[in-house]
Amino acid sequence: MIVCKFGGTSVASAEQIKKVANIVKSNPERKIIVVSAPGKRYGDDIKVTDLLIDLANAALKNGDVEGKLQNVVNRYKTIADDLGLDQSISNIITQDLRERVDSDKSNVDLFVDSLKASGEDNNAKLIAAYFNSIGLSAKYVSPQEGLVVNNPPERTVALPEAFENLNKMKNNEEIIVFPGFFGYTKEGTLRTFDRGGSDITGSILAAAVKADLYENFTDVDCVFTANPKVVKDPVGIEEITYREMRELSYSGFSVFHDEALMPVFKLGIPVNIKNTNNPSAPGTKILPARTTSSSRPVTGISADSGFSTLYVSKYLMNREIGFGRKLLHIIEDEHISYDHTPSGVDDISVIIRSNQITPEAEERIVKRIKEELHADDVYFRHGFSMIVIVGEGMRNNTGLAARAASAISKTGSNIEMINQGSSEVSLVFGVLSDVENEVLTALYGEFFTPITVY
Ligand SMILES: Nc1ncnc2c1ncn2[C@@H]1O[C@H](COP(=O)(O)OP(=O)(O)O)[C@@H](O)[C@H]1O
Ligand SMILES: N[C@@H](CC(=O)OP(=O)(O)O)C(=O)O
């Protein structure tokens, strides 16, 4: 059995949904279909999820609710009309949206979650109705049927029982159309995953029914060795390990959500990233280990902005037992997670995603480190990007860090931080965000451009 997830671009219009139906029809093993909300139809189009967030904010602030609600309804109505569906599905969606807009607003996050989730929920209903209209026997299934998630305030994750509950879906005659991106707590409260979280739903379902394959359909032929929006015509990746993909998707390869790997990884279920617009292309396979050997030590290079550094120095820091623990405890007290901690004899930097820090938290952290740890120097710096070079082959390759540093130095950019994980699968360079694209392009040239021999 195959579980397929179709991303926002794959279900953005009637034309795209017809392609989805053809893909599903072409292989009877494709029995469970996870869908996103309608995404972008063209470059500066707006995703339905973003329209819904806008609608939720208007409802919270007494803004133009009616106009924004109509924007959302019109997206579905156009799709339904172009698919030849009758008025009833648009009526169901309009009524559902009105009910959500009028629902309890006492918990702002949960109210916004409910509206955001309607994007995938209503699209799943619409797509199931379309499949049936063309003779493809299909059934919409709600995450209420067993996708149980944890309670706030922790970020949304599926509970172990979700996998047991959803196992029953493997015995279904019809094709199941399941909305991505959200689940329900045991008490019945709707909660969404992080943005891009329909990938997570697909992976949970694939693991729950112990699928043979999880196909993730998007708008590119494969995962490329670098972001195709930055590097021109990057080399495509045929096979990549779970570990490599985890590193790359966490640090900038937005094509597949990093949290979506865990459920399938645990059971060794292969993932195939494929293109809805070119389904015959083989795509990229994410596997426990590569089946063919690669001549390149590097599999991919990702880049992500939005990082801050907390720099702390204290003479004889290395001799002070418990310094690192106390420092990280202060950060933990602010509910902040960290990504890297490169250190020297007398100093340490803590690399943090900037969206977790407020000016008030920053002030509190600096004050506590000065007062409680008696540090000589403490400050935050913002505006960093992390460029991550990833490859299982890096472990057995000497001189790779030197090649990377030399390629970066040729751009005239300063390396602010270097960190090599102990697994030696990744090498991280911190640079200022305004040179991110230049550095990524230079590193890509170093590791992927064919060498011309004269
Ligand atoms: N290394 C990469 N390889 C392929 N695509 C990438 C990469 N890095 C970023 N992307 C972007 O990811 C996009 C697909 O992800 P996303 O927009 O979430 O699609 P979907 O709507 O199918 O969920 C591609 O269009 C591409 O611009
Ligand atoms: N629609 C949600 C969830 C999702 O996974 O979307 P997409 O498949 O378009 O990345 C979002 O925009 O975050």
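Cut-offs used in this document
- Residues numbered from 1 in each chain as written.
- Chains lettered and ligands numbered in written order.
- Predicted model: local features only at pLDDT ≥ 70, side-chain atom pairs only at ≥ 80, totals over all residues.
- Helix = DSSP H or I, 4+ residues; strand = E, 2+ residues; numbered from the N terminus.
- Rg over C-alpha atoms; globule rule 2.2 N^0.38 Å.
- Buried ≥ 20, exposed ≤ 12 C-beta atoms within 10 Å, placed from the backbone.
- Contact = placed C-beta atoms within 7 Å.
- Near = placed C-beta within 6 Å.
- Nonpolar A, V, L, I, M, F, W, Y, C, P; charged D, E, K, R; others polar.
- Pairing = 2+ DSSP bridges.
- Axes fitted to C-alpha atoms, helices over the stretch in contact; angles between N-to-C directions.
- UniProt positions renumbered as here; feature names shortened; annotations may be inferred.
- Domains from an automatic or database assignment.
- Core = buried A, V, L, I, M, F, W, Y, C linked by C-beta atoms within 7 Å.

Undergrad: Break down the overall build of the chain for me, citing the residues and quoting the values.
TA: Helix and strand counts for the chain stand at 13 helices and 17 strands. Since a compact globule built from 454 residues should have a radius of gyration of about 22 Å, the 24 Å found for the chain is in line with a globular shape. Summarising its shape, the C-alpha atoms of the chain cover approximately 70 × 60 × 40 Å along the three principal directions. Here the chain holds 454 residues, and the buried ones make up 43% of them. Counting only contacts in the chain whose residues sit at least 6 apart along the sequence, the fraction spanning at least 24 positions is 74%.

Undergrad: Tell me what's going on with the site of ligand 2, and back it up with residues and numbers.
TA: Around ligand 2, a shell composed of 15 residues is seen, among which G7, G8, S36, R195 and S198 lie nearest. Looking at the shell around ligand 2 residue by residue, the classes come out as 2 nonpolar, 10 polar and 3 charged.

Undergrad: Break down the site of ligand 1 for me, citing the residues and quoting the values.
TA: Ligand 1 sits among 19 residues. The nearest are G7, G8, T218, F224 and V255. Per-class residue counts for the shell around ligand 1 are 7 nonpolar, 10 polar and 2 charged.

Undergrad: Explain the sheet that holds strand β12 (residues 284-287) to me, using residue names and the numbers behind them.
TA: Taken in spatial order, the 8 strands line up as β3-β4-β2-β1-β7-β11-β12-β10 in an open sheet, and their pairing is mixed. Two strands bound the open sheet, and with one partner strand each, they are β3 (138-140) and β10 (239-241). Going across the sheet, the axis of each strand differs from the next one's by a mean of 20°, ignoring polarity. Inspection of the sheet shows β10 paired to β12 by 3 bridges, in the parallel sense. Bridged to I240 within β12 is I286. Contacts between helix α5 (residues 108-133) and the sheet are confined to β2 (30-35), β3 and β4 (175-179), with β4 contributing the most and set at about 160° to the helix. Where helix α8 (residues 242-250) meets the sheet, it contacts β10 and β12, and its direction lies at approximately 85° from that of β10.

Undergrad: Give a description of the environment of P160 that names residues and reports values.
TA: In this fold, P160 is placed in helix α6 (residues 160-166). Looking at P160, the number of C-beta atoms within 10 Å reads 8, which means it is exposed. For the pair formed by P160 and V378, sequence separation is 218 residues and the distance between their alpha carbons is 42 Å.

Undergrad: Hey, could you go over the UniProt feature "binding site: substrate" (unreviewed entry) in the chain for me, with residue numbers and the actual values?
TA: In the numbering adopted here, UniProt assigns the feature "binding site: substrate" (unreviewed entry) to T49 and E120. What stands out for the annotated residues spanning 72 residues is how close their C-alpha atoms remain, the widest pair being 8.4 Å apart. Within the secondary structure, T49 sits in helix α2 (residues 48-60). Judged by C-beta crowding, with 24 C-beta atoms within 10 Å, T49 ranks as buried. Setting aside anything within four residues of it in sequence, one finds T49 in contact with A37, K116 and G119. Look past the residues within four positions of E120 in its chain and what remains in contact with it is V35, S36, A37, P179, G180, F181, F182 and S198.

Undergrad: How would you explain the domain arrangement of the chain if you had to name every residue and give the values?
TA: Assigned domains of the chain: these are domain 1 (2-287) and domain 2 (300-448). Each of domain 1 and domain 2 was reduced to a C-alpha centroid, and the two centroids are 33 Å apart. Contacts between the two partners involve 16 residues from domain 1, matched on the other side by 17 residues from domain 2. With 4 residues, the single largest contributor to the side of domain 1 that touches domain 2 is α8. In the side of domain 1 that touches domain 2, the residues fall into 8 nonpolar, 5 polar and 3 charged.

Undergrad: A description of the nonpolar core should follow, citing residues and the corresponding values.
TA: Grouped together as the largest cluster of nonpolar side chains are 122 residues, with contacts concentrated most on I33, I127, V177, I204, L205, I387 and L443. Both domain 1 (2-287) and domain 2 (300-448) contribute no fewer than three residues apiece to this core.

Undergrad: Lay out the sheet that holds strand β14 (residues 347-353) in plain terms, naming residues and giving numbers.
TA: Each strand in a sheet pairs with another by means of backbone hydrogen bonds, the pair being arranged parallel or else antiparallel. Strand order in this open sheet of 5 strands is β14-β13-β15-β17-β16, and the pairing throughout is antiparallel. Looking at the sheet topology across the chains shown, the edges are occupied by β14 and β16 (417-420). Sheet twist, expressed as the mean angle between neighbouring strand axes with direction ignored, is 35°. Across 4 bridges, β16 lies against strand β17 (residues 426-432) in antiparallel orientation. Among the inter-strand pairings, N419 is bridged to a residue of β17, identified as V428. Where helix α12 (residues 400-410) meets the sheet, its contacts fall on β15 (377-390), β16 and β17, and the angle it forms with β17 comes to roughly 20°. With respect to the sheet, helix α13 (residues 436-448) is in contact with β13 (300-313), β15 and β17, its orientation differing from that of β13 by roughly 125°.

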